Amino acid sequence: MAELMQFLLSGVTVGAVYALVALGFTIIYNASDVVNFAQGEFVMLGGMITVFAHMAGLPLPLAALIAIAGTAAAGVLLNKLAIEPARGAPVVSLIIITIGASIFIQGVAQLVFDKQLHRFPAFSGDTPIRILGATILPQSLWVLAGAIAVFVGLWAFFTKTLTGRAVLATSNNRLAAQLVGINTNWVMTLSFALSAAIGALAGVLVTPITNISYGVGIAYALKGFAGAMLGGMGSPIGALVGGILLGLIEALTAGYLSSVYKDAAAFVVILVVLFVMPQGLFGRKSTDRV
Amino acid sequence: MTTKRVTLLILAIIVIASPFFFPSNYYYRVGSLIFVNGLAVTGMVILIGYAGQISLGHAGFAGIGGYACALAPVHLGLHPGLAAILGAAISGALAWAVGRPVLRLKGYYLAVATLGLGILVSMVLANEAWLTRGPDGIEVPDLGLNDLLEAVGIDLSNSQFWYFFSGLVLVIGAWVALNLYDSPTGRALRALHGSEIAARTVGIDVARLKLQAFVISAIYASLSGSLLALQNKFITPDVAGFMHSIEMVTMAVLGGVGSVLGAFFGATILTTLPQVLTVFQEYEQILLGLVMMLCMIFMREGLLPSILRALRGKDK
């Protein structure tokens with residue numbers, strides 16, 4: 001029982017990170033129909049910038065803030081320089097563009113920073129908290145709280161604010177949104193900034209637990225995407241539930257089946273979801289127009 | 001002359017004439033790498049260019065082809081050449097089994113499903129160390145063809161042999177792909193690329209055709225993996241890795257996925273780039289990422305068609 005509890009706790013922790021990445025995917029996907037394979041690099045940038053700003057002597061909260069702002073700026077640049085000029089390009093081209101961006105950002109990161117593994121101290125110490133015979137790190141609670149806070153924040157943003165509704169309108173019908181006076185280019189910029197900032201936040205929160213290096217991005221991108229797909233592409237609640245579920249599946253696979261195939265769990269999940277229910281848990285069934 | 005003959009002629013001339021400009025043996029090695037990649041990319045032309053489907057997992061099939069050449073001779077006593085054919089058969093069977101459900105998907109979903117498939121294959125190759133000896137790789141027996149040639153009096157160095165042999169396989173692969181293009185199957189594939197629904201209304205069995213293209217391209221990838229393993233006499237799970245899948249698609253799309261020659265052009269650039277860039281190893285990733293982005297933004301049909309069009313534009 002304690003063992004199962006331990007697996008569940010660690011699963012929820014990683015799952016919360018996947019959920020944050022999946023939420024980032026969802027925002028960009030909704031605004032532009034682009035699946036941004038460079039999403040994981042935002043996590044990496046968030047962690048790495050914080051590490052280096054902290055090493056330069058800045059206090060941790062300020063370093064994290066700089067990292068989040070800097071990554072948001074990188075997200076805006078990505079949109080302006082690579083996604084916007086390619087509007088209307090076929091899906092294959094967009095996939096290659098965002099994967100190219102991901103490789104590019106990795107290359108820049110290993111040049112500007114370094115190739116080492118880094119971490120910084122956890123926010124509230126490293127003393128594990130005991131729950132039902134299992135333990136959880138205080139930092140894990142930070143990650144969980146972060147995922148929930150971001151989800152609630154996004155929910156409020158999309159339903160309560162005019163700007164948020166403008167984003168939703170753009171995702172529903174770009175042309176119609178333009179007709180009622182929404183600046184859709186600005187909506188795109190905002191979506192990329194928001195998505196990148198969320199990714200960076202995930203990086204800041206998770207670095208004390210898992211460490212960070214320039215190459216971790218791709219794995220986060222793939223798992224976040226798997227989570228988003230499990231929950232249903234484009235659905236924020238789907239991203240949250242799908243991400244956490246994926247983390248749990250991974251932890252249970254590692255615990256009970258095989259730790260080397262833990263990473264395979266995500267892809268088995270993707271394949272099963274696609275075969276059995278392509279619209280995911282919370283997604284809407286889409287129909288093609290001829 | 002038809003496009004088919006022109007393409008085959010150009011490829012054959014490249015294979016035969018290039019060695020006259022090679023200052024050292026090292027160039028044969030790079031040349032044969034280009035042909036090996038060119039073979040895999042020719043398969044991508046059939047899948048992406050003809051049928052309009054995408055796969056981000058074809059390196060998985062290359063891995064199967066490569067490891068078949070390493071394992072079948074040892075465990076089944078097969079000749080390495082037959083092992084390559086066995087690998088192609090396994091790859092084809094796997095593509096057929098997985099392709100049936102996967103190819104119903106479109107766009108990003110298809111991309112991610114195939115990506116998952118490729119990563120699963122590479123994980124099995126890396127983790128089942130009792131069979132594959134794990135991430136460090138495994139040696140591959142000699143094909144023995146070069147010794148045979150030597151016995152009849154044709155004396156080639158190892159890299160020279162592999163250069164010409166890979167070149168020959170590439171030309172044959174291109175010939176098959178070009179024949180396919182003009183065949184009823186090829187026409188049907190191009191029709192479903194244009195519009196799946198229109199193709200279906202004129203009576204094309206869309207599901208079966210997509211599956212055919214997927215299986216054929218998997219066999220190309222598998223054979224290219226086998227060639228790579230046989231000429232290196234060694235193989236690691238990296239050949240099945242995510243980056244290799246991405247490279248295959250990028251090569252194809254970079255050069256121009258609509259034509260065999262364009263894709264070969266892409267394979268040439270992306271294979272030589274890292275060799276040239278070893279001087280700037282630090283910047284290799286940055287440059288690769290930039291090339292991928294810039295080509296897709298500014299030259300959507302790929303380099304070769306864009307260049308040809310620019311040339312034609314000047315003529316007018």
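Everything discussed here concerns the structure shown above.
Described in the following lines is the structure provided in the data block.

Here is what the cut-offs are and how they apply
- Residues numbered from 1 in each chain as written.
- Chains lettered and ligands numbered in written order.
- Predicted model: local features only at pLDDT ≥ 70, side-chain atom pairs only at ≥ 80, totals over all residues.
- Heavy atoms only, no water.
- Helix = DSSP H or I, 4+ residues; strand = E, 2+ residues; numbered from the N terminus.
- Rg over C-alpha atoms; globule rule 2.2 N^0.38 Å.
- Contact = heavy atoms within 4.5 Å.
- Buried area = accessible area lost by both parts, 1.4 Å probe.
- Salt bridge = Lys/Arg side-chain N within 4 Å of Asp/Glu carboxyl O.
- Polar contact = N/O pair within 3.5 Å; in protein donor to acceptor, adjacent residues only side chain to side chain.
- Nonpolar A, V, L, I, M, F, W, Y, C, P; charged D, E, K, R; others polar.
- Phe/Tyr/Trp six-rings, centres within 6.5 Å; stacked < 30°, edge-to-face > 60°.
- Buried < 20%, exposed > 50% of the residue type's maximum accessible area, 1.4 Å probe, protein only.
- Expected span 1.5 Å × (residues − 1).
- Arc of directions from axis to C-beta.
- Axes fitted to C-alpha atoms, helices over the stretch in contact; angles between N-to-C directions.
- Parallel < 35°, antiparallel > 145°, perpendicular 65-115°, else oblique.
- Left-handed = near helix turned anticlockwise from the far one by under 90°.
- Patch = residues over 30% accessible without salt bridge, like charges linked within 9 Å, V, L, I, M, F, W, Y side chains within 5 Å.
- Areas by Shrake-Rupley, 256 points an atom, 1.4 Å probe, with all protein chains shown as cover.

Focus on the overall build of chain A
What chain A contains, in helices and strands, is 11 helices and two strands. Each helix and strand of chain A, placed in order from N terminus to C terminus, yields the pattern α-α-α-α-β-β-α-α-α-α-α-α-α. By the compact-globule yardstick of 19 Å for 290 residues, chain A fits well, its C-alpha radius of gyration being 19 Å. Each principal axis of the C-alpha atoms in chain A carries an extent, and together these give about 60 × 50 × 35 Å.

A few points about the interface of chain B and chain A
Facing the 40 residues of chain B at the interface are 48 residues of chain A. Summing both partners gives a buried area of about 3,800 Å² for chain B against chain A, and 80% of it is carried by carbon and sulfur. It is Tyr-108, Tyr-109 and Gln-285 of chain B in chain B that bury the most area against chain A; as a group they hold 20% of the surface buried on that side. Scanning the region where chain B abuts chain A turns up zero salt bridges. Across the chain B-chain A interface, the total number found is three residue pairs in polar contact (both at pLDDT 80 or more). Only α4 (80-102), α5 (107-127), α12 (242-255) and α14 (284-298) of chain B provide two or more residues apiece to the side of chain B that touches chain A. For the side of chain B that touches chain A, the leading source of residues is α5 of chain B, giving 13 residues. For the side of chain B that touches chain A, the residue count by class is 29 nonpolar, six polar and five charged.

A short note on the packing of aromatic side chains
Under the criterion given, the structure shown has 20 aromatic pairs over all chains. Each ring, one from Phe-123 of chain A and one from Trp-142 of chain A, has its centre 5.1 Å from the other, and the planes form 80°; the classification is edge-to-face. Of this pair, Phe-123 of chain A sits in the loop between α4 (91-112) and β1 (129-131) while Trp-142 of chain A is found in helix α5 (residues 138-160), placing the two residues 19 residues apart along the sequence. Under the relative-accessibility criterion, Trp-142 of chain A is labelled partly exposed at 40%. The interplanar angle of 80° and the centroid separation of 5.8 Å between the aromatic rings of Tyr-26 of chain B and Tyr-27 of chain B together place this pair among those described as edge-to-face. Note on Tyr-26 of chain B: relative accessible area 43%, which makes it partly exposed. For Tyr-27 of chain B, a relative accessible area of 38% puts it in the partly exposed group. In this structure an aromatic cluster arises from ring pairing among Phe-22, Tyr-26, Tyr-27, Tyr-28, Phe-35, Tyr-163, Phe-164 and Phe-264 of chain B.

Brief notes about the pattern of salt bridges
Residue and element names in this part refer to chain A. Under the definition given, this model contains 10 salt bridges over all chains. For Lys-80, the salt bridge identified is with Glu-84, shortest N-O distance 3.2 Å. Among the residues examined, Glu-84 registers a relative accessible area of 22% and is labelled partly exposed. Here Glu-250 and Lys-223 are joined by a salt bridge, their closest N and O atoms 3.6 Å apart. Note that Glu-250 is positioned in helix α10 (residues 236-257) and Lys-223 in helix α9 (residues 217-231), a separation of 27 residues in sequence. Residue Lys-223 is classed as buried on the basis of its relative accessible area of 8%. Because the salt bridges share partners, they merge into one network encompassing Lys-223, Glu-250, Lys-262 and Asp-263.

Quick word on helix α1 (residues 3-17) of chain B
All names here are of chain B. The terminal C-alpha atoms of α1, which comprises 15 residues, lie 20 Å apart, in line with the 21 Å expected from a rise of 1.5 Å per residue. For α1, every residue scored as buried is listed here: Thr-7, Leu-8, Leu-11 and Val-15. Around the axis of α1, the buried residues are gathered within 95° of arc, so they sit on the same side. Exposed residues pointing more than 90 degrees away from the buried face of α1 are listed as Arg-5 and Ile-16. Contacts from the buried residues of α1 go to α2 (25-50), α8 (158-182) and α13 (260-276).

Quick notes on helix α11 (residues 206-232) of chain B
Residues and elements named next belong to chain B. Across its 27 residues, α11 extends 39 Å between first and last C-alpha, which sits within 8% of the 39 Å expected from 1.5 Å per residue. Within α11, 20 of the 27 residues are buried, which leaves the element mostly enclosed by the surrounding structure. Lys-233, located one to two residues past α11, shows a positive phi value of around 55°.

Details of the side chain of Thr-114 of chain B
All names here are of chain B. Counting through the fold element by element, Thr-114 comes out in helix α5. For Thr-114, a relative accessible area of 1% puts it in the buried group. Polar contacts involving the side chain of Thr-114 include one to the main-chain amide nitrogen of Leu-56, which spans 3.0 Å. What Thr-114 contacts, discounting residues up to four positions off in sequence, is Ile-54, Ser-55, Leu-56, Gly-57, Val-102 and Phe-214.

Digging into the packing of α12 of chain B against α13 of chain B
Residues and elements named next belong to chain B. Closest axis-to-axis distance for the α12/α13 pair is 6 Å, and the angle between their directions is 120°. In terms of orientation, α12 lies oblique with respect to α13. Considering how the two elements wind past one another, α12 and α13 form a crossing that is right-handed. Facing Glu-247, Thr-250, Met-251, Ala-252, Leu-254 and Gly-255 of α12, the residues of α13 in contact are Gly-262, Ala-263, Gly-266, Ala-267, Ile-269, Leu-270 and Thr-271. Residues belonging to the contact of α12 with α13 are distributed by class as follows: seven nonpolar, five polar and one charged.

Remarks on a nonpolar patch on the surface
A cluster of nonpolar residues, Leu-111 and Val-112 of chain A together with Phe-280, Tyr-283, Leu-287, Leu-290, Leu-294 and Phe-298 of chain B, forms a patch on the protein surface that exposes about 730 Å² of accessible area. Those elements giving two or more residues to the nonpolar patch turn out to be α4 of chain A together with α14 of chain B. The element best represented in the nonpolar patch is α14 of chain B, accounting for four residues. Residue placement: Leu-111 of chain A occurs in helix α4.

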